[in-house]
Each structure stands twice: as structure tokens, then as C-alpha cells.
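# Structural description and commentary
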Amino acid sequence: MGGIWLLFGISMWIAKVYDVMTYGYSIIGLAYALIGYFKKDLPLEFIRWDDEKVEISEWQQSTRSYKWASIDGINVSATNLTLKSGPAGGTMVELKGYTEAYIEKLKNELTREQTIATA
């Protein structure tokens, strides 16, 4: 995305159009390029958990965190992970791209962790 903005900015410099948009495109393009460069090694999607919470991050979304005490139910199917938290809270994550072994791990470990947390 940053490359497109930067390309617009550079093309306006080449065409000698020196207005506010030229500077804006160039600055936005450089900013996007730098952010993309420094975040290139971060995973885009993940589901992780520990003794205190479950964290879910989907592509281009912020990480959501749920404490075990606030989770009412977890359902792991072959295609989705559904996490129920409160009367109208929780999330549903599509498990497209995850291996069958990882989905089995989710089924076994998340339901076991929830049982331990609510006991």
C-alpha cells in the first residue's frame, strides 16, 4: 500500500506538480513503507493462550484478549473457533489455513484450559 502512495508522490514530483498533495502522498508513502518494513516479521494471524488469557489476532485487526474467568464457552469445529464471553461478547474466528493437527490441539487444550479455569 505504501508503494502506491509513494509512486503517486514521486510521479507528481517528476511532473513538477508542487502542491500539498505531492508532499502528502510522499510522506504517507514513506510512512506506510517504513511501517510495513518494521512489521514484516510479525505474524498476521494467531491464536495463543496461557494460564491467564486467550489472545486472538486476525489479519489486519488488533489483538483481542479474553481472560479465562470471563469466558463462558469455547467451541472448536473443523472450520471455526467460537469463543463466548458475557451476554453479547466473544468472537468467532475462521480456521481456514490452519492444519488439522493445530485444530485438534485447539480442541484438546482450549477446552481443557477452560475446564480448569472454571472449576
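For the structure given in this document, a descriptive report is provided here. Quantities reported herein were computed from a predicted structural model and do not represent experimental measurements.

In space, the three strands of this open sheet follow the order β1-β2-β3, with antiparallel pairing throughout. The open sheet has two edge strands with one neighbour each: β1 (46–49) and β3 (64–67). Taken over all neighbouring pairs, the strand axes of this sheet differ in orientation by 15° on average, direction set aside. Relative to strand β2 (residues 53–57), β1 runs antiparallel, the two sharing four bridges. If you follow Phe 46 over to β2, its bridge partner there is Ser 57.

Mapped onto the fold, Glu 113 is located in helix α3 (residues 100–118). Note: C-alpha distance between Glu 113 and Trp 68 (45 residues apart in sequence) is 8.2 Å. Setting aside chain neighbours within four positions, we find Glu 113 in contact with Trp 49, Asp 50, Asp 51 and Trp 68.

Before going further, it helps to spend a moment on the packing of aromatic side chains. Remark: the centre distance and the inter-plane angle together describe each pair of aromatic rings, the angle taken between the planes. Under the defined criterion, the tally for this structure stands at one aromatic pair. When the ring of Tyr 98 is compared with that of Tyr 102, the centres are 5.4 Å apart and the planes differ by 15°; the resulting orientation is stacked. Look at Tyr 98 and you get buried, because its relative accessible area is 19%. A relative accessible area of 22% means that Tyr 102 is categorised as partly exposed.

Its 19 residues give helix α2 (residues 20–38) an end-to-end C-alpha distance of 27 Å, which sits within 8% of 27 Å, the value for a rise of 1.5 Å per residue. Looking at α2, one finds that the buried residues are Thr 22, Ser 26 and Gly 29. Viewed along the axis of α2, the buried residues span an arc of 65°, placing them on a single side of the element. Facing away from the buried surface of α2 by more than 90 degrees, the exposed residues are Val 20, Ile 27 and Phe 38.

What counts and how
Sequence order sets the numbering: in each chain, residues are counted from 1 along the sequence as written. Local features in this predicted model are restricted to residues whose pLDDT is 70 or higher, and side-chain atom pairs enter the listing and the counts only when it is 80 or higher, whereas totals over whole chains, interfaces and linings include all residues. Neither water nor hydrogens contribute to the side-chain values; these are computed over all heavy atoms in the structure. When DSSP locates at least two bridges between a pair of strands, those strands are taken to pair. Secondary structure elements are defined from DSSP: runs of H or I of at least 4 residues count as helices, runs of E of at least 2 residues count as strands, and each element is numbered from the N terminus. Angles here are taken between N-to-C directions and fall from 0 to 180 degrees, while the axes themselves are lines fitted to C-alpha atoms, restricted in helices to the stretch in contact. The contact criterion used is simple: two residues touch if any of their non-hydrogen atoms lie within 4.5 Å. Paired rings are identified among Phe, Tyr and Trp, the last through its six-membered ring, by centres lying within 6.5 Å, and are further divided according to the angle between planes into stacked (under 30 degrees), edge-to-face (over 60) and tilted (the rest). Relative accessibility decides the category of a residue: with a 1.4 Å probe and only protein chains considered, values under 20% of the type maximum give buried, values over 50% give exposed, and everything between is partly exposed. Here, expected helix span is obtained from the residue count minus one, scaled by 1.5 Å. The arc in question is the one traced by the directions running from the helix axis out to the C-beta atoms.

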